Amino acid sequence: MAKVLLLTNSAGASAQVLPALGLLQHTIKILPLEASVLIDAPVMDLVFIDARTDLPNVKSFSKLLTTTGVSAPVIAITTEGGLSAFTSEWGLDDVMLDTAGPAEIEARIRIAIGRRDAAHLASDPTAHEIRQGDVVIDENTYTAKIKGRSLDLTFKEFELLKHFAQHPGRVFTRAQLLQEIWGYDYFGGTRTVDVHIRRLRSKLGPEFESIIGTVRNVGYRFTLPSNGKDSPVAERI
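Note that the coordinates shown come from a computational prediction; the quantities given were computed from them, not determined experimentally.

What about the confidence of the model for the protein?
Mean pLDDT over the protein stands at 86; residues scoring 70 or higher make up 88%. The least confident element of the protein, judged by mean pLDDT, is helix α1 (residues 13–17) at 78; the most confident is strand β5 (residues 94–97) at 96. In this model residues 227–237 is a low-confidence stretch, pLDDT under 50, and it forms 23 contacts with partners more than four residues away in sequence or in other chains.

Next up, the structure:
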């Protein structure tokens, strides 16, 4: 589910601008199509611009968006008659007809966000890294290091460590971990999680094994040491 910003001066809001958008599960925020909204614009995953009318003004606004460094992809919503006006000079990521159905809207949102994320990764060599304290996980190369030491992890051990590092402090039950890492079609029991956690801790070593903490009668969580001490509610098994 994406956070979508719709810029429009239409009184009918999204129901009039792009009717099928309301059928999707995305969070939609609507603001006026005015330059002033860029001063304190919320951080969003994607921006829709109502370009059904007043194309010269929308063109100027689109260029302003690119110069202000908006990181989210921008898609213009227009009528079939307005399509011929759009060129690369507008600085848009895509153009969509206001009659687009929910499946097309969903696909265009997904592709636009994916392209922008890929461009960000290409421009920042460390963007694909997950860092938590001394733990560095590289999603591209499937490698993990702790305090500069490479960890010899199996695929499942890597996925477990990555999942924990992506959600520091959050407690996961064994059933949740089994579902997230092994998937719905895995028929093994939750004891599989305990075995992999034990092996992962062993590879982390005595100094860092406690970062995978046990919350009694609940599950596991990623716990970075604080002042050399483990979290008081985390323990090892």
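Here we look at the environment of Ile109
Summarising the element assignment, Ile109 is placed in helix α3 (residues 102–123). For Ile109, a relative accessible area of 1% corresponds to the buried category. When the C-alpha atoms of Ile109 and Leu46 are compared, they prove to be 7.4 Å apart, with 63 residues separating the residues in sequence. In contact with Ile109, not counting residues within four places along its chain, are Ala2, Val4, Leu21, His26, Leu46 and Phe48.

What to know about the sheet that holds strand β2 (residues 27–31)
Note on sheets: strands pair through backbone hydrogen bonds, and any given pair is parallel or antiparallel. On the basis of which strands lie adjacent, the open sheet formed by five strands has the order β2-β1-β3-β4-β5 and parallel pairing. Sheet topology places β2 and β5 at the edges, where each strand pairs with a single neighbour. Adjacent strand axes in the sheet meet at a mean angle of 25 degrees when their direction is disregarded. Of the strand pairs in this sheet, strand β3 (residues 46–50) and strand β4 (residues 74–78) are connected by four bridges, and their pairing is parallel.

Describing the packing of aromatic side chains
Following the criterion strictly, the structure yields four aromatic pairs and no others. Measuring from ring centre to ring centre gives 5.9 Å for Tyr142 and Phe155, while their planes differ by 35 degrees; the resulting arrangement is tilted. Here Tyr142 is found in the loop between β7 (135–138) and β8 (143–146), whereas its partner Phe155 is found in helix α4 (residues 155–166), with 13 residues between them in sequence. Of the residues examined, Tyr142 reaches a relative accessible area of 46% and is grouped as partly exposed. Among the aromatic residues, those joined into a cluster by ring pairs are Tyr142, Phe155 and Phe158.

Side note on the nonpolar core
The nonpolar side chains of a soluble globular protein tend to be buried, and buried together. The biggest cluster of nonpolar side chains holds 26 residues, and the ones touching the most others in it are Ile137, Leu160, Leu161, Phe164, Leu204, Ile212 and Phe222. Taken together, the elements giving at least two residues each to this core come down to β7, β8, α4, α5 (174–182), α6 (191–204) and β12 (219–222). A total of five residues in this core trace back to one element, the largest contributor, which is α4. Counting 18 residues, the second largest nonpolar core, distinct from the first, contains Ala2, Ala20, Leu46 and Ile77.

Concerning the sheet that holds strand β11 (residues 212–215)
Reading across the sheet, the three strands line up as β10-β12-β11 and stay open at both edges, with antiparallel pairing between neighbours. One side of each edge strand has no neighbouring strand; the edge strands of this open sheet are β10 (172–173) and β11. Bridge count for β11 against β12 is four bridges, and the pairing is antiparallel. Counted as the bridge partner of Thr214 is Tyr220 from β12. Across the face of the sheet, α6 comes into contact with β11 and β12 while running at roughly 140 degrees to β11.

Quick word on the pairing of β7
By the bridge criterion, four bridges tie strand β6 (residues 129–132) to β7 in an arrangement that is antiparallel. If you follow Arg131 over to β7, its bridge partner there is Val136. Turn length for the β6-β7 hairpin, with the two strands adjacent in sequence and antiparallel, is two residues, and the turn residue Gly133 shows positive phi of about 60 degrees. As judged from the four bridges shared by β7 and β8, these two strands associate in the antiparallel manner. Counted as the bridge partner of Val135 is Ile146 from β8.

Some thoughts on the pattern of salt bridges
For side chains bearing opposite charge, pairing can occur when the charged atoms are close. For the coordinates displayed, the defined rule picks out 13 salt bridges. A salt bridge links Glu104 to Arg108; the nearest nitrogen and oxygen atoms lie 2.8 Å apart. In this pair, Glu104 and Arg108 are both assigned in helix α3, four residues apart and thus about one turn of the helix distant. Residue Arg108 is classed as partly exposed on the basis of its relative accessible area of 24%. Because the salt bridges share partners, they merge into one network encompassing Asp94, Glu104 and Arg108.

Rules of the game
Residues numbered from 1 in each chain as written. Predicted model: local features only at pLDDT ≥ 70, side-chain atom pairs only at ≥ 80, totals over all residues. Heavy atoms only, no water. pLDDT = per-residue confidence, 0-100. Helix = DSSP H or I, 4+ residues; strand = E, 2+ residues; numbered from the N terminus. Contact = heavy atoms within 4.5 Å. Buried < 20%, exposed > 50% of the residue type's maximum accessible area, 1.4 Å probe, protein only. Pairing = 2+ DSSP bridges. Axes fitted to C-alpha atoms, helices over the stretch in contact; angles between N-to-C directions. Phe/Tyr/Trp six-rings, centres within 6.5 Å; stacked < 30°, edge-to-face > 60°. Core = buried A, V, L, I, M, F, W, Y, C linked by side-chain atoms within 4.5 Å. Salt bridge = Lys/Arg side-chain N within 4 Å of Asp/Glu carboxyl O.

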